[in-house]
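Residues per chain are reported as follows:
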Amino acid sequence: MFDTLTDRLGGILDRLTRRGALTEADVSEAMREVRRALLEADVALEVVRSFVDRVKERAVGVEVVKSVTPGQMVVKIVHDELVAMLGADAQPISLAAAAPVPILMVGLQGSGKTTSTAKIARRLSTRDKRKVLMASLDTRRPAAMEQLATLGRQTEVATLPIVPGQTALQIARRAMEAGRLGGYDVVLLDTAGRTTLDEALMAEVVEVKKATNPHEVLLVADALTGQDAVTTARAFDQAVGVTGIVLTRVDGDGRGGAALSMRAVTGKPIKLVGVGERFDAVEDFDPARIANRILG
Ligand code: GDP
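Residues numbered from 1 in each chain as written. Predicted model: local features only at pLDDT ≥ 70, side-chain atom pairs only at ≥ 80, totals over all residues. Heavy atoms only, no water.

## Section: the side chain of Arg123
Here comes step 1: With respect to the helices, strands and loops of the structure, Arg123 is situated in helix α5 (residues 113-127).
Here comes step 2: The exposure class of Arg123 is buried, given its relative accessible area of 16%.
Here comes step 3: Here the side chain of Arg123 touches Asp284 through a polar contact of 2.9 Å, side chain to side chain.
Here comes step 4: Discounting chain neighbours no more than four positions away, the residues touching Arg123 are Asp128, Leu272, Val282, Glu283 and Asp284. (Helix = DSSP H or I, 4+ residues; strand = E, 2+ residues; numbered from the N terminus. Buried < 20%, exposed > 50% of the residue type's maximum accessible area, 1.4 Å probe, protein only. Polar contact = N/O pair within 3.5 Å; in protein donor to acceptor, adjacent residues only side chain to side chain. Contact = heavy atoms within 4.5 Å.)

## Focus on the site of the ligand
Here comes step 1: As a structural note, the neighbourhood of the ligand is formed by 18 residues, with Gly110, Lys113, Thr115, Arg249 and Asp251 the closest of them.
Here comes step 2: In this structure, an oxygen atom belonging to the ligand sits 2.5 Å away from a side-chain N or O atom of Thr115.
Here comes step 3: Between the ligand and the protein, one listed contact pairs an oxygen atom with a side-chain N or O atom of Glu277 at 2.9 Å.
Here comes step 4: For the ligand, whose unbound accessible area comes to 580 Å², protein coverage reaches 82%. (Near = heavy atom within 4 Å. Areas by Shrake-Rupley, 256 points an atom, 1.4 Å probe, with all protein chains shown as cover.)

## A short note on the pattern of salt bridges
Here comes step 1: Applying the stated rule across the entire model yields 21 salt bridges.
Here comes step 2: Within this structure, Arg8, Glu33, Arg36 and Glu40 form a network of salt bridges that share partners. (Salt bridge = Lys/Arg side-chain N within 4 Å of Asp/Glu carboxyl O.)

## Quick look at the UniProt feature "domain: SRP54-type proteins GTP-binding" (unreviewed entry) in the chain
Here comes step 1: UniProt records the feature "domain: SRP54-type proteins GTP-binding" (unreviewed entry) for residues 269-282 in the present numbering.
Here comes step 2: A helix fraction of 0% and a strand fraction of 43% characterise residues 269-282, whose end C-alpha atoms lie 16 Å from each other. (UniProt positions renumbered as here; feature names shortened; annotations may be inferred.)

## Points about the packing of aromatic side chains
Here comes step 1: Per the stated rule, a full pass over the model turns up 0 aromatic pairs.
Here comes step 2: The lysine or arginine in question, Lys131, covers the ring of Tyr184, its NZ or CZ lying 4.6 Å from the ring centre. (Phe/Tyr/Trp six-rings, centres within 6.5 Å; stacked < 30°, edge-to-face > 60°. Lys NZ or Arg CZ within 6 Å of the ring centre and 35° of its normal.)

## Some remarks on the packing of helix α1 (residues 5-16) against helix α2 (residues 24-40)
Here comes step 1: Contact geometry of α1 with α2 gives a least axis separation of 9 Å together with a crossing angle of 170 degrees. If you check the angle between α1 and α2, you find them roughly antiparallel. The chirality of how α1 crosses α2 is right-handed. Of the residues in α2, those in contact with Leu5, Arg8, Leu9, Ile12, Leu13, Arg15 and Leu16 of α1 are Asp26, Glu29, Ala30, Glu33, Val34, Arg36, Ala37 and Glu40.
Here comes step 2: Residue classes in the contact of α1 with α2 are distributed as 8 nonpolar, no polar and 7 charged. (Axes fitted to C-alpha atoms, helices over the stretch in contact; angles between N-to-C directions. Parallel < 35°, antiparallel > 145°, perpendicular 65-115°, else oblique. Left-handed = near helix turned anticlockwise from the far one by under 90°. Nonpolar A, V, L, I, M, F, W, Y, C, P; charged D, E, K, R; others polar.)

## Considerations on the sheet that holds strand β2 (residues 132-136)
Here comes step 1: A sheet is described by the order of its strands in space; here 8 strands give the open sequence β3-β2-β4-β1-β5-β6-β7-β8, paired in mixed fashion. The sheet terminates laterally at β3 (158-159) and β8 (282-284), the two strands that pair on one side only.
Here comes step 2: As defined by bridge partners, strand β7 (residues 270-274) adjoins β8 across 3 bridges and the pair is classed as antiparallel. Within the sheet, the bridge partner assigned to Val273 lies in β8 and is Glu283.
Here comes step 3: Contacts from α5 reach β1 (101-107), β2, β4 (186-190), β5 (216-222), β6 (244-248), β7 and β8 within the one sheet, and its direction differs from that of β4 by about 170 degrees.
Here comes step 4: Against the sheet, helix α9 (residues 227-240) contacts β1 and β5, and its axis sits at roughly 160 degrees relative to β5. (Pairing = 2+ DSSP bridges.)

Okay, here's the thing in structure tokens:
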């Protein structure tokens, strides 16, 4: 097995600096390891560069206190900067708007969008005691509509009845109307996905957004797709303005790099992470845990 980043930093620094302040040379050598570890974790190059610069700036000249080794000192600085970059404060999904609060779920096909919609719906209804309605706007894939209906039955969350032949816009309007008439607190709109970004998909999402004025636009992205997930997030943000990210398959991303790139490049808060296929496999985003994962 490879040494963890923590071990590697300790090995280098404890060999170099005995006591006193961390020198430029100590820190530079340590930063080579940080850089390598982040690149191995599939963090975008631009993010790695700016991160390393930030840590360097903070670390050079820092007095090594007696109770810790220089390695531990730098690991602490790296950890703190990772947490700061990931977004130190947890940002839950906001429901601070007039009911029914529309939430638009966007993302590519296969990213885990429908599963995440059901996970969020279940959380809001079971934990937060909200009355939730889900609607699938995926008019091209009847199977996706059926999937949401099935998930609705399993999670005991209402889904909008399927009416064949309606456009995404018509379904979205019907969902909001049903939300109002039915006294729902939240309406989750699961938009259609595509395997690649295309103009027709974006045009449809923009149209639905205009008609429903969502309080949150949540981009669902697969952590395992790394750099592609970041490109997708950018494209959706430019088209519809993303308010938060749901990062899925974090259970399979042992290195935790996707979260860092995603947050740093888009500037959008990661609100939730998917950690498995079951509908209870969803967690609040925890920057410290991801930082620890990167440090190993
Ligand atoms: P959609 O096409 O974006 O709506 O994707 P789906 O919601 O249908 O999910 C695609 C596949 O990914 C399904 O098999 C899900 O069970 C699986 N999936 C979704 N989220 C997660 C997650 O957080 N972890 C894991 N391991 N699998 C997930």
